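Structural characterization, general
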Amino acid sequence: MSSATPEAARAQAEPRSAYRLFRPIGTRWMDNDVYGHINNVVYYSFFDTAVNGYLIEAGALQIETSEVIGLVIETRCNYFAPLAFPQAVEAGLRVAHVGRSSVRYEVGLFGAGEPLTAAAGHFVHVYVDRATRRPTALPPALLAALAPLKA
């Protein structure tokens, strides 16, 4: 049993300096829910958009032809402040762990120009052979793309 109090274990908003690279994310009218802010499920779409957009631009992922693809096996998000359309969002990226066939990406979502995360989370990709869906070693192009994101 952990000796940490629930308050000590609670996630905290992080500064921009905790992330290695930033990508803009546009919000849409339909992202807002009836409470006037972006719905929680949309944050996971932002995570996917930020990471996969980066991998495509870095030449590590060709969504229709890559022999190795990443499947999400774990995800989490902590929310600290609301975001809402038409607000611009900036996604901070970092890589917390690289295994033989897996990567833990961490993403911080910031309101444009804000110093602290409005939400922060992670997801783990296990990289598999597209045809067999069996885990495979990370390809060199992916490892090269991950290098500047390592925390």
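Cut-off values and rules
Residues numbered from 1 in each chain as written. Predicted model: local features only at pLDDT ≥ 70, side-chain atom pairs only at ≥ 80, totals over all residues. Heavy atoms only, no water. Pairing = 2+ DSSP bridges. Helix = DSSP H or I, 4+ residues; strand = E, 2+ residues; numbered from the N terminus. Axes fitted to C-alpha atoms, helices over the stretch in contact; angles between N-to-C directions. Contact = heavy atoms within 4.5 Å. Phe/Tyr/Trp six-rings, centres within 6.5 Å; stacked < 30°, edge-to-face > 60°. Buried < 20%, exposed > 50% of the residue type's maximum accessible area, 1.4 Å probe, protein only. Lys NZ or Arg CZ within 6 Å of the ring centre and 35° of its normal. Core = buried A, V, L, I, M, F, W, Y, C linked by side-chain atoms within 4.5 Å.

Focus: the sheet that holds strand E3 (residues 89–98)
Hydrogen bonds between backbone groups are what pair the strands of a sheet, and the pairing can be parallel or antiparallel. Read from one edge of the open sheet, five strands run E1-E3-E4-E5-E2, paired in antiparallel fashion. In the strand order of this sheet, the two ends are held by strand E1 (21–25) and strand E2 (68–79), each with one partner. When strand polarity is set aside, the average angle formed by the axes of neighbouring strands in this sheet is 30°. Taken together, the nine bridges between E3 and strand E4 (residues 102–111) define a ladder with antiparallel strand orientation. Paired with leucine 93 across the bridge in E4 is valine 107. Docked against the sheet, helix H2 (residues 40–57) engages E1, E2, E3, E4 and strand E5 (119–129), running at close to 140° with respect to E2.

Quick notes on the packing of aromatic side chains
Enumeration over the complete set of coordinates arrives at seven aromatic pairs. Measuring from ring centre to ring centre gives 5.9 Å for tryptophan 29 and phenylalanine 85, while their planes differ by 90°; the resulting arrangement is edge-to-face. Placement of the pair is tryptophan 29 in the loop between E1 and H2 and phenylalanine 85 in the loop between E2 and E3, with a sequence separation of 56 residues. According to the relative accessible area criterion, tryptophan 29 is exposed, its value standing at 68%. Within the aromatic cluster, the residues linked to one another by ring pairs are Tyr19, Phe22 and Phe110. The ring of phenylalanine 110 is capped by arginine 16, whose NZ or CZ atom sits 4.6 Å from the centre of that ring.

What about the nonpolar core?
Ranked by size, the top nonpolar core spans 32 residues in total, and within it Leu55, Tyr105, Leu109, Tyr127 and Leu142 carry the most contacts. Every element with two or more residues in this core is listed here: H2, E2, E3, E4, E5 and helix H3 (140–146). If you tally residues by element for this core, the top one is H2, at eight residues. Leave out the neighbours within four places in its chain, and leucine 55 touches Ala60, Leu61, Tyr105, Tyr127, Leu142 and Ala145.

What about unusual backbone geometry?
A cis amide bond, omega 10°, links phenylalanine 85 with the succeeding residue proline 86. One non-glycine residue, arginine 133, lies in positive phi territory at about 60°. Relative to the assigned elements, arginine 133 resides in the loop between E5 and H3.

Some remarks on the side chain of aspartate 31
Secondary-structure assignment places aspartate 31 in the loop between E1 and H2. Aspartate 31 has contacts with Gly26, His37, Ile38, Asn39, Val42 and Phe46, leaving out every residue within four places of it along the chain.

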